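Given next are the chains, with one letter for each unit.
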Amino acid sequence: MSESLIDVAAPEGAAPRPDDEPDQRRRPGARSALRRGKGLAGVLLIGVVVALGLLAPLLAPYGPTEQIPGANLVGPSGAHWLGTDEVNRDVYSRTLYGIRTDLVVVFLAVPIGAVIGILVGLVSSWWTFTDVIAQRVFDLVLAFPTLILAIALTAFVGPGLRTVFFVIIAVELPVFGRLTRTSVRTVREMPYVEAAHVVGAGSWWQLRRHVLPNSWEPLLVQLAVSMSVAVFIEGAMSFLGLGVRPPHPSLGSLIRDGVRNMYDAPFFAVGPLALVVALVLGLLLVSQALAEARRS
Amino acid sequence: MRRERRPHLLRGLALTLAGLLVVAVVSACSSAVGEANGGGSASGPSEGGVLRVGAGSDLIPASVFTNSSDVANTLVGTVYESLVDYPTDSLEPQPRLATSWQQSDDGLSLTLQLRDDVTFHSGRDLTSEDVEFSIRTWADPAWTVQLQRTAAAITGFDTSDPHAITLTFAHPLSNVFDLLDMLPIIDSESIDQLREGTAYVGTGPFVFESWTPSSKVVLTRNEDYWGEQPLLDGVEIDVVTDPQAQASQLRSGQLDVALGLTDRDRESFEKDDAYSVTEFKGAENAIYLGADLANPDLREVKLRQAIAYALDRQRIVDEVFRGAGTPANLPWPESSPAYDARANQTYAYDAAKAEELVSQLGDQPTLPLAYPAGNGNFEAVAQVVQANLEAVGIETKLEPQEYSQFIKQLIGGTFGGLWILEHSYAQYTPSTLTVSAYPFNADKNASHFSSPAYQKHADGAWQRDSGTDRGAVRIYRQLNQDLLDNLFLIEIAVTPPRVATTAKVHDIGLSKRNELDLGRAYLAD
């Protein structure tokens, strides 16, 4: 009885049938946004970078930490497309492998931060007590500029990929938490949610079936934005020596190495810089396309 | 004919005169411009200007005498003076604040005559009591000075004459003049401010004005200096921890001298006429790989031997230090009485031998390998070392650490694995290294290495009146054998200090203490 009432109360698409996928009406919008214009360009840019990273073992002529005898600071050539660095490693190979580090950060740390943030946001938006605590914690984290937070965390856990992970999760958690809270507060005032409440649906059920599916789109846009920010954070941290430890490459640490040799070998930084630009630009284009689709 | 020729003659004469006039005017203008700029180097040293020195690590007041920071070294070298100075090319002491000295026949006392015209920057006269105070300060373990043991071995002070002091030793000290060369004479009245970093009162050619932590130290010319007046108005020591930033600031004219560059940057400046890179002999550093024997994995000497054989030192010298240096198995530069060319080849690069030694030991755990973060030289050496060791079956994990933290670990002996750093002091009397330097000190060192033989040889070299006679050299051979047999420190290369400046900087020097000597330095375009 209650299920049928809920089904009747919920708007089509916003409150789907229990066995259906949520929000069927809007999904094609998001998909089509990525099949044209900015969205397509973004997907292509990301796709190329991801493909280069995934295919690194096939494309790279050398291992990422392999030191080639006698190849000290060699300029770009057929044998070494982007030259070699001060400890005789092929910069092109390191660049390809460096993408993998960034992909791990982008596609693992950001979603983890997002999931935790969304959960905290959902919980905090529903109960006043948890809301007060969560918001003050978010205030505390957001009060620190990202790099200051990174330096502080590094002082505790030392430099490394793990620290980059922690920083990205810490930075993204309040962003997604706040966004979820705002969306939830809007959605829960909707008549179909009130109707579900009236017919006795539990809080978790309402959150899971009605609130979250209808808050999903802004979170998706934010996810793309946050991923581009994560590339920047990894780059900045590794550039400052707080990120990935030598000898393992990441795009940020490769840019740092490139800057060290800027006057004598400016080509060192070209490859990693181009890839960071492509990845960040691609993610931003995707986020813009999703945002535009949502508005329309 | 004449009528026709005269105008030509006159015109030629006029043109010649005009040419001469132009040359005269141009040279007069050049001279004037040169004078306005403080004179050219061609016209000799000129006065004025503030020299901006880029230093890679900041001052830590409690560690000001530990010889472990660029700022502290430059500050101590310009604000303070020692009793004697070693020339860079020998261990023959030369007068500074002490004018002459007389050592007793038994080597147990030394009487020094002091200059009577020296005042501290505070205006107070220098007396023999200040010398006693300075030596007692260095003997105080609280300052963690490397020559603490040697200072503490001075047990008696006769200061009855304000301009002479007689030092009595617990035993003969072969390196007493090393101490007197390194020991800055400090003002007892301002020791508390020195501890806090608010005042550094010495007798040197420059006066301390201010220290802004993590930013800069400002020094001005000492107008009442007893010696030849410095030519510079002052010195500004800027803390620029990133070598790349130092290079950029030198290029952009924000710095005149850069102390913390990588050798790659130095090589780049060397090729440019607008800069000058000076190599100083006699104040050599040595880069080494330390092994903390508190780590049980490193206690096996065969493993340390494998590491010593696995290091491709020549590659490190060629590729990281850009050819400036010599591969080494022992710490001594060629000028040292302990230098032994043959022993220095004991662990020549032999990857096969290293691999064989490792195979005898079986599987090895991953060893932590620490190095000071942010320095391209150390980072490159660490990565080459890591690759060399990996090639023979020894895995390492690189651990870059902040420099001041790194020095604390060195002093406290808390590395817990391998570490890479530079040491100095091998350019002095060899006993100074083995009884004083944190990594080598036979009494207490960063490797937690102790051995009765090493202790005996170190003390034997130290507790004698000469540090250069045949008997001393015999003991150095034994010390060399101790170092090579035990390998708690695995030397990589001896490297000469190199300082990059803009072309307008002239006559800077570097003392045997590795401190900038700016007494006669000047700026001229």
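Residues numbered from 1 in each chain as written. Chains lettered and ligands numbered in written order. Predicted model: local features only at pLDDT ≥ 70, side-chain atom pairs only at ≥ 80, totals over all residues. Heavy atoms only, no water.

An unreviewed UniProt entry lists chain B under the name Peptide/nickel transport system substrate-binding protein, with Nocardioides soli as the source organism.

Per an unreviewed UniProt entry, chain A goes by the name Peptide/nickel transport system permease protein and belongs to Nocardioides soli. According to UniProt, the comment filed for chain A under the heading Subcellular location (unreviewed entry) is "Cell membrane". The heading Sequence similarities (unreviewed entry) in the UniProt record of chain A holds the text "Belongs to the binding-protein-dependent transport system permease family." (UniProt positions renumbered as here; feature names shortened; annotations may be inferred.)

I tried to follow the overall build of chain B on my own but got confused; where do I start?
Per the secondary structure count, chain B includes 16 helices and 23 strands. C-alpha extents for chain B along the principal axes are approximately 105 × 65 × 45 Å. For chain B, with 525 residues in total, the buried portion stands at 58%. Long-range contacts, defined as pairs at least 24 residues apart, comprise 70% of the intrachain contacts of chain B with a sequence gap of at least 6. Carbon together with sulfur atoms contributes 49% to the accessible area of chain B, which is approximately 21000 Å² in total. Each charge class in chain B can be summarised by its mean position, and for the 40 positive and 72 negative side chains these summaries are 8 Å apart. (Helix = DSSP H or I, 4+ residues; strand = E, 2+ residues; numbered from the N terminus. Buried < 20%, exposed > 50% of the residue type's maximum accessible area, 1.4 Å probe, protein only. Contact = heavy atoms within 4.5 Å. Areas by Shrake-Rupley, 256 points an atom, 1.4 Å probe, with all protein chains shown as cover. Lys, Arg positive; Asp, Glu negative; His and termini not counted. Charge placed at Lys NZ, Arg CZ, Asp CG, Glu CD.)

How do you make sense of the UniProt feature "domain: ABC transmembrane type-1" (unreviewed entry) in chain A when you look at a structure like this?
Residues given the UniProt feature "domain: ABC transmembrane type-1" (unreviewed entry) here are residues 99-285 of chain A. From the first C-alpha to the last, residues 99-285 of chain A spans 19 Å; its make-up is 82% helix and 0% strand.

Even after reading the chapter, I still don't get the interface of chain A and chain B, so can you show me in this structure?
Bring the parts together and some accessible area is lost; that lost area is often taken as the interface size. Tallying the contact residues gives 19 residues for chain A and 21 residues for chain B. Between chain A and chain B, a total of about 1800 Å² is buried, with carbon and sulfur atoms accounting for 44% of that surface. Considering only the side of chain A, the residues that lose the most area to chain B are Pro 246, Arg 260 and Tyr 263 of chain A, jointly responsible for 32% of the buried surface there. Taken together, the links from chain A to chain B amount to two salt bridges. In this assembly, chain A and chain B are joined by 10 residue pairs in polar contact (both at pLDDT 80 or more). Class assignment of the residues belonging to the side of chain A that touches chain B gives a composition of eight nonpolar, four polar and seven charged. (Buried area = accessible area lost by both parts, 1.4 Å probe. Salt bridge = Lys/Arg side-chain N within 4 Å of Asp/Glu carboxyl O. Polar contact = N/O pair within 3.5 Å; in protein donor to acceptor, adjacent residues only side chain to side chain. Nonpolar A, V, L, I, M, F, W, Y, C, P; charged D, E, K, R; others polar.)

Sorry if this is basic, but what is going on with the packing of helix α3 (residues 37-54) of chain A against helix α5 (residues 91-126) of chain A here?
What describes two packed helices is the angle between their axes and the distance between those same axes. All names here are of chain A. Contact pair α3 / α5: the axes reach a minimum separation of 7 Å and the direction vectors enclose 115°. By crossing handedness, the relation of α3 to α5 is classed as left-handed. For the pair α3 and α5, contact is made by Ile 46, Val 49, Val 50, Leu 52, Gly 53 and Leu 54 and by Leu 96, Ile 99, Arg 100, Leu 103 and Phe 107, respectively. Residue classes in the contact of α3 with α5 are distributed as nine nonpolar, one polar and one charged. (Axes fitted to C-alpha atoms, helices over the stretch in contact; angles between N-to-C directions. Left-handed = near helix turned anticlockwise from the far one by under 90°.)

What is the right way to look at a nonpolar patch on the surface in this model?
All names here are of chain A. A cluster of nonpolar side chains, namely Val 104, Leu 108, Ile 112, Ile 116 and Leu 161, defines an oily patch on the protein surface of about 350 Å² accessible area. Of the residues forming the nonpolar patch, the biggest block, four residues, is contributed by α5. Among the secondary structure elements, Val 104 is positioned in helix α5. (Patch = residues over 30% accessible without salt bridge, like charges linked within 9 Å, V, L, I, M, F, W, Y side chains within 5 Å.)

What is the right way to read the sheet that holds strand β5 (residues 109-114) of chain B from this model?
Strands belonging to one sheet form pairs held by backbone hydrogen bonds; the direction of such a pair is parallel or antiparallel. All names here are of chain B. With antiparallel pairing, four strands are arranged side by side in an open sheet as β4-β5-β7-β6. The sheet terminates laterally at β4 (98-103) and β6 (154-158), the two strands that pair on one side only. Strand-to-strand twist of the sheet, defined as the mean angle between neighbouring strand axes without regard to direction, takes the value 20°. Note that β5 and strand β7 (residues 164-169) share five bridges and pair antiparallel. Paired with Leu 112 across the strands is Ile 165, a residue of β7. Helix α3 (residues 128-139) contacts β5, β6 and β7 of the sheet and is inclined by roughly 30° relative to β7. (Pairing = 2+ DSSP bridges.)

Looking at this model, I keep getting lost on the side chain of Thr 434 of chain B. Mind explaining?
Residue and element names in this part refer to chain B. As for its placement among the helices and strands, Thr 434 is situated in helix α14 (residues 430-436). Residue Thr 434 is classed as buried on the basis of its relative accessible area of 0%. Leave out the neighbours within four places in its chain, and Thr 434 touches Phe 440, Asn 441, Ala 442, Tyr 454, Ala 458 and Leu 479.

Would you take a moment to explain empty space enclosed by the protein for this structure?
To locate leftover empty space, one rolls a probe as large as a water molecule over the atoms. A full pass over the atoms with the stated rule returns six cavities of 30 Å³ or more. Computed from the structure, the largest cavity encloses a volume of approximately 190 Å³. Together, 15 residues line the largest cavity, and Glu 86 and Arg 260 of chain A together with Thr 262, Arg 264 and Gly 376 of chain B are the ones closest to its centre. Ranked by residue count, the leading element in the lining of the largest cavity is helix α12 (residues 376-391) of chain B, at three residues. Residues belonging to the lining of the largest cavity are distributed by class as follows: three nonpolar, six polar and six charged. (1 Å grid on protein atoms, 1.4 Å probe; cavity = no way out; pocket = protein on both sides within 12 Å on 5 of 7 lines; lining within 4 Å. Points joined across faces, edges and corners; volume = space filled by probe spheres on them.)

I keep staring at the environment of Arg 96 of chain B and nothing clicks. Help me out?
Residues and elements named next belong to chain B. Locating Arg 96 in the fold gives a position in the loop between β3 (94-95) and β4. Considering only alpha carbons, one finds Arg 96 and Leu 83, 13 residues apart in sequence, at a separation of 5.3 Å. If near-sequence neighbours (up to four positions away) are discounted, Arg 96 is found in contact with Glu 81, Ser 82, Leu 83, Val 84, Asp 85, Arg 115, Pro 205, Tyr 225, Trp 226 and Arg 513. At 2.9 Å, the side chain of Arg 96 forms a polar contact with the side chain of Glu 81.

Looking at this model, I keep getting lost on helix α13 (residues 403-412) of chain B. Mind explaining?
For an α-helix the count is 3.6 residues per turn, leaving residues at separations of three or four pointing the same way. Residues and elements named next belong to chain B. Taken as a whole, α13 has its buried residues at Phe 406, Ile 407, Gln 409 and Leu 410. Viewed along the axis of α13, the buried residues span an arc of 155°, placing them on a single side of the element. Where α13 is buried, its residues contact β13 (285-291), β15 (367-372), β16 (396-401) and β17 (418-423). Looking one or two residues past α13, Gly 413 carries a phi angle of roughly 65°, positive in sign. (Arc of directions from axis to C-beta.)

I keep staring at the packing of aromatic side chains and nothing clicks. Help me out?
Ring pairs (aromatic) are described by centroid distance and by the angle formed between their planes. Throughout the structure, instances matching the rule amount to 19 aromatic pairs over all chains. Ring centres of Trp 81 of chain A and Tyr 92 of chain A lie 4.9 Å apart, and the angle between their planes is 35°; this geometry places the pair in the tilted category. A residue pair is termed long-range when its members are at least 10 positions apart, and Trp 81 of chain A in the loop between α4 (56-59) and α5 and Tyr 92 of chain A in helix α5 qualify at 11 residues. Its relative accessible area of 55% is what places Trp 81 of chain A among the exposed residues. We classify Tyr 92 of chain A as buried; its relative accessible area is 16%. Ring pairs connect the aromatic residues Phe 65, Tyr 80, Trp 138 and Trp 143 of chain B, which therefore count as one cluster. Lying over the aromatic face of Phe 269 of chain B, Arg 251 of chain B brings its terminal NZ or CZ to 4.4 Å of the ring centre. (Phe/Tyr/Trp six-rings, centres within 6.5 Å; stacked < 30°, edge-to-face > 60°. Lys NZ or Arg CZ within 6 Å of the ring centre and 35° of its normal.)

Would you explain the sheet that holds β16 of chain B in this entry?
All names here are of chain B. With mixed pairing, six strands are arranged side by side in an open sheet as β14-β18-β13-β17-β15-β16. The sheet terminates laterally at β14 (326-327) and β16, the two strands that pair on one side only. Bridge analysis of β13 against strand β18 (residues 489-495) gives six bridges, and the strand direction is antiparallel. Each residue of the ladder has a partner; that of Leu 289, found in β18, is Ile 490. In the packing of helix α9 (residues 301-310) onto the sheet, the strands contacted are β13, β15, β17 and β18, and the crossing angle to β18 comes to about 25°. The strands touched by helix α10 (residues 313-320) within the sheet are β14 and β18, with β18 carrying the most contacts at an inclination of about 40°.

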